[in-house]
Amino acid sequence: MEELMSICNYINWFFLYSFLGYLLECIVLTVEYKRPVVDRGFGHGPFCVIYGFGAVGACLLLSPLSDHPIEVYTAYVELYLASMIMATLMELFTASVMIHLFGSFWWDYSEKPFNYKGIICLESSLAWGLLGLFFFNYLDGWVRTAVGYIPGRIGKVLAVLLTLFYVFDFIRCIRMRLGIPEEGEEGETEETIGRLKV
C-alpha cells in the first residue's frame, strides 16, 4: 500500500474513490427514499469528492493504525474509532463551509435519531467506522490495483481530462449555487432529495 504512484495515478485514484462514493450515496438514498436518486455530487459529474478527500485523509492520518498485524483486536478497535471520528469531523467541517456559502448542505440526517442539526448522526458515524475497516483491509488494495491497470499514457490523459472537467464544472456550479446564472440559464431553485436547507 506504501508503493509510490505517479501524480496522475493519484488523481485517477482520487476520482475513482469520488465515483465510488457517488455510487454509494445514490444506492443508499435510492433504497431510503424508494425512488431513483442520482443527484448526489456538488457538480454535474458522477463524483462525490468528499469521498476522494476522505480516502486521502485516511491514508495520511490513519495508515499507522492499519499497519498492525491483522489478528490484533485492539488495532481494529482503534482503526474503527479513528475512522468514525475522522469522517464525522469531515462532515461537520464540510457542512459548515457549505452552510456559510450556500445556506444548505448536501445531506440531511434531521430525521435520524441522535443527530446534530441534521449534519451528523450516530447511525452515519457508526457506518463510517465500518467503512474505514473495509477501506484498509480490502477496498484500497482493489482500487490501487485497478488504477495500476490503466496504461501510462491513457492514465495521464484521463487524469488531465478529469481534473479539467471537475475544475470548470466546480467553478460553474459555484456561480450557479450563489445565484450567478450563466448566460441563458437560471440559478438553482429546485429542491433536491437528501439536501437540507438552513
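The rules we used
Residues numbered from 1 in each chain as written. Predicted model: local features only at pLDDT ≥ 70, side-chain atom pairs only at ≥ 80, totals over all residues. Heavy atoms only, no water. Helix = DSSP H or I, 4+ residues; strand = E, 2+ residues; numbered from the N terminus. Buried < 20%, exposed > 50% of the residue type's maximum accessible area, 1.4 Å probe, protein only. Phe/Tyr/Trp six-rings, centres within 6.5 Å; stacked < 30°, edge-to-face > 60°. Expected span 1.5 Å × (residues − 1). Salt bridge = Lys/Arg side-chain N within 4 Å of Asp/Glu carboxyl O.

*Asks:* Any chance you could explain the environment of asparagine 9 here in plain terms?
*Replies:* With respect to the secondary-structure elements, asparagine 9 resides in helix 1 (residues 7-33). Asparagine 9 gets classed as partly exposed once you look at its relative accessible area, which sits at 21%. As a C-alpha pair, asparagine 9 and glycine 148 span 139 residues in sequence and 7.4 Å in three-dimensional space.

*Asks:* Hey, could you run me through the packing of aromatic side chains in this one?
*Replies:* Each pair of aromatic rings is reported with the distance of its centres and the angle of its planes. Within the structure shown, the criterion is met by 13 aromatic pairs. On the numbers, 5.2 Å between centres and 80 degrees between planes, the contact of tryptophan 13 with tyrosine 17 is edge-to-face. Here tyrosine 17 and tryptophan 13 lie together in helix 1, a separation of four residues that amounts to about one turn. Just as tryptophan 13 is buried, tyrosine 17 falls in that class too. Counting every residue linked through ring pairs, the aromatic cluster contains Phe14, Phe15, Phe47, Phe53, Tyr166 and Phe170.

*Asks:* Teacher, can you tell me more about helix 5 (residues 152-177) here?
*Replies:* Residues three or four positions apart in an α-helix share a direction because the helix packs 3.6 residues into each turn. Between its terminal C-alpha atoms helix 5 stretches 37 Å, which fits the 38 Å expected from 26 residues at 1.5 Å a residue. Once helix 5 finishes, glycine 179 follows within two positions and takes phi at roughly 80 degrees, a positive value.

*Asks:* Sorry if this is basic, but what is going on with the pattern of salt bridges here?
*Replies:* Opposite charge on two side chains permits them to pair, given that their charged atoms come into close proximity. Scanning the model with the defined rule gives three salt bridges in all. Glutamate 32 is paired through a salt bridge with lysine 112; the nearest N and O atoms lie 3.8 Å apart. With a gap of 80 residues between them, glutamate 32 in helix 1 and lysine 112 in the loop between strand 1 (104-105) and strand 2 (115-116) connect regions that are remote in the sequence. On the basis of relative accessibility, which here comes to 38%, the residue glutamate 32 falls in the partly exposed class.

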